[in-house]
Amino acid sequence: MKKITFLCWPKPFNDEAEYYPFQRNALLSWKSLPITEKIVVIGDEEGNKEFCEEYGFIHEPEVGEVNEFGTPYMKSILKQGYKHCSPGDPVCYINSDILLGDDFSTVSEWFLDSPLVEQNYLCVGQRWDWKSPEGVDFEEEDWEDKVKNKALSNGELMPTYAIDYFLHKAYSYPIENLPPLAMGRLHWDRWLLGYGIRNFNVIDFSELVLAIHHETSYMLNNTKTSRETYNTSEEC
């Protein structure tokens, strides 16, 4: 079975932050998947190194090239992540608040064993917003069923632009030719999808994979700010 390397650029692992248990949920859910080869945590934010040491993740402290505001570029994050892969390896850049379950493993295993992988590909899917997320006890055998039931009963499927994971072949994106789009700002994710539509076989996992996004007041406040200011901010 071909396995996947996950790449992420998380917020600081500050256990007093509101988002901490949900970021922990996300990364430990990927760790639990049979399809996971390794998880690469990019950036030298507070707590990253210690979190990686605790759970056996790869810590890549360097983010590479940044803009004048200190925000890394999308191409820099991919470049740092690709260092831990061989060309053609399945790699998935994923946002650090997305929880995945066995359905992602099952669908990805089927896809990676299909003839479709002979060409460049991009697998994506819409996210499901969990409105009142909570910490997950991964020691419980039925943790995944519990989480999905809670998310489905108190959440909603987001529109087609709400895409938070990008499964593709390592080095299939031409790193040196990518535009200088800042991570965590507008358009970098849409650009990845747009490039994939123009150049790769694009597969939509939306109907087969429940990708759960932790919706928190931290996220809502920052989303409101982004909607009001990002379109006119100097950085964007």
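Refer to the preceding data block for the structure.
Attention here is on the structure that accompanies the text.

The rules we used
- Residues numbered from 1 in each chain as written.
- Predicted model: local features only at pLDDT ≥ 70, side-chain atom pairs only at ≥ 80, totals over all residues.
- Heavy atoms only, no water.
- Helix = DSSP H or I, 4+ residues; strand = E, 2+ residues; numbered from the N terminus.
- Buried < 20%, exposed > 50% of the residue type's maximum accessible area, 1.4 Å probe, protein only.
- Contact = heavy atoms within 4.5 Å.
- Areas by Shrake-Rupley, 256 points an atom, 1.4 Å probe, with all protein chains shown as cover.
- Pairing = 2+ DSSP bridges.
- Axes fitted to C-alpha atoms, helices over the stretch in contact; angles between N-to-C directions.
- Phe/Tyr/Trp six-rings, centres within 6.5 Å; stacked < 30°, edge-to-face > 60°.

1. Concerning the overall build of the chain
Inference 1: Of regular secondary structure, the chain possesses seven helices and eleven strands.
Inference 2: The principal-axis extents of the C-alpha atoms in the chain amount to approximately 45 × 45 × 35 Å.
Inference 3: Residues classed as buried in the chain amount to 53% of the 236 residues present.
Inference 4: In the chain, 79% of the contacts between residues at least 6 apart in sequence involve partners at least 24 apart.
Inference 5: Carbon and sulfur atoms form 46% of the exposed surface of the chain, whose accessible area is close to 11,500 Å².

2. A short note on the sheet that holds strand 4 (residues 90-94)
Inference 1: In spatial order, the strands read 3-2-1-4-9-6-10; together these seven strands make up an open sheet with mixed pairing. Two strands bound the open sheet, and with one partner strand each, they are strand 3 (58-60) and strand 10 (201-204). In this sheet, neighbouring strand axes are inclined to one another by 20 degrees on average, regardless of whether the strands run parallel or antiparallel.
Inference 2: Contacts from helix 1 (residues 20-31) reach strand 1 (4-8), strand 2 (36-42) and strand 4, with the element oriented near 150 degrees to strand 2.
Inference 3: The sheet strands contacting helix 2 (residues 48-55) are strand 2 and strand 3, and the helix crosses strand 3 at an angle near 160 degrees.

3. Quick word on the packing of aromatic side chains
Inference 1: One pass over the full model with this rule turns up 19 aromatic pairs.
Inference 2: On the basis of an interplanar angle of 90 degrees and a centroid distance of 5.6 Å, the ring pair of Phe104 and Tyr165 is categorised as edge-to-face. Within this pair, whereas Phe104 is found in helix 4 (residues 102-112), its partner Tyr165 is found in strand 9 (residues 165-169), the two being separated by 61 residues in sequence.
Inference 3: Centre to centre, the rings of Phe111 and Tyr121 are 5.0 Å apart; their planes meet at 75 degrees, and the pair counts as edge-to-face. Highlighted residues: Phe111 in helix 4 and Tyr121 in strand 6 (residues 121-124), separated in sequence by ten residues.
Inference 4: Owing to a relative accessible area of 1%, Tyr121 belongs among the buried residues under this scheme.

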